[in-house]
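Here is what each chain is made of, one letter per residue.
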Amino acid sequence: MGIFFTNKLCYHLIILSCFACFCITPSNSLKCFGTFKWVITINDGIPNSTIDFHVKSRDDDLGSHSITYDNNYAFEFCENFVQNTVFWADFYYGKKFVHFNVFDRKVAQVVGGSIFKENPVFWLLKDDGYYLSKKALSYNDSAWIHRGTWS
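As the structure is a computational prediction, the values presented were derived from the model and not from experiment.

Attention now moves to the pairing of strand β2 (residues 50-57). Residues I51, F53, V55 and S57 point to one face of β2 and are all buried, whereas T50, D52, H54 and K56, pointing to the other face, are not buried. Judged from the 7 bridges that link them, β2 and strand β3 (residues 61-68) form a sheet pairing that is antiparallel. Its bridge partner lying in β3, K56 is registered against D61. Linkage of β2 to β3, two consecutive antiparallel strands, is achieved through a turn of 3 residues. Of the pairings in the sheet, the one linking β2 to strand β5 (residues 87-93) comprises 6 bridges and is antiparallel in character. Bridge pairing in β5 links V55 to A89.

Here it is in structure tokens:
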């Protein structure tokens, strides 16, 4: 009985050690283990423009950024377990302004997602407003979903 108990204890310690190594491995594929990984890309589709913006969430302030025509800004994050992560941004283009959530549950539902891969979200800022897509598209593609206009 002593040998059985010792072998079983060793077996459980090996399994526990392997699981601990798996959970703390800093590889990208395991970074969001058990949650959704999202990659948000914001594109400037306005010729001869510079768009200034500030992105943040309740927990993270990603700071102020600027992009010019045909360039983009991207960031990634792991959605929390209860799936209520929200990132919002304030965008400025000349005298125009708009504030919207670049990620929330509604955005996730529109683009869809999988817990087993990186999930892209693409935003396109144009003269007439901002657009959403689940894949990279050319700026004039009709598959972009118009989500709002500048103020």
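Right, let's get into the sheet that holds β5. Spatial strand order, β3-β2-β5-β6: 4 strands in an open sheet with antiparallel pairing. Each having just a single partner strand, β3 and β6 (96-103) make up the two edges of the open sheet. On average, each strand axis in the sheet is tilted by 20° relative to the strand beside it, whichever way the strands run.

Attention now moves to the sheet that holds strand β4 (residues 72-78). Remark on secondary structure: sheet strands pair via backbone hydrogen bonds, oriented parallel or antiparallel. The 5 strands are arranged β4-β1-β7-β8-β9 in an open sheet whose pairing can be described as mixed. Each of the sheet's edge strands pairs with one partner strand only, and the pair in question is β4 and β9 (145-148). Pairs of neighbouring strands in the sheet enclose a mean axial angle of 25°, with direction left out of account. Looking at chain direction, strand β7 (residues 118-126) and strand β8 (residues 129-133) are connected through 5 bridges and run antiparallel. Residue pairing for β8: L124 is matched across the bridge by Y131.

Conventions and cut-offs
- Residues numbered from 1 in each chain as written.
- Predicted model: local features only at pLDDT ≥ 70, side-chain atom pairs only at ≥ 80, totals over all residues.
- Heavy atoms only, no water.
- Buried < 20%, exposed > 50% of the residue type's maximum accessible area, 1.4 Å probe, protein only.
- Helix = DSSP H or I, 4+ residues; strand = E, 2+ residues; numbered from the N terminus.
- Pairing = 2+ DSSP bridges.
- Axes fitted to C-alpha atoms, helices over the stretch in contact; angles between N-to-C directions.

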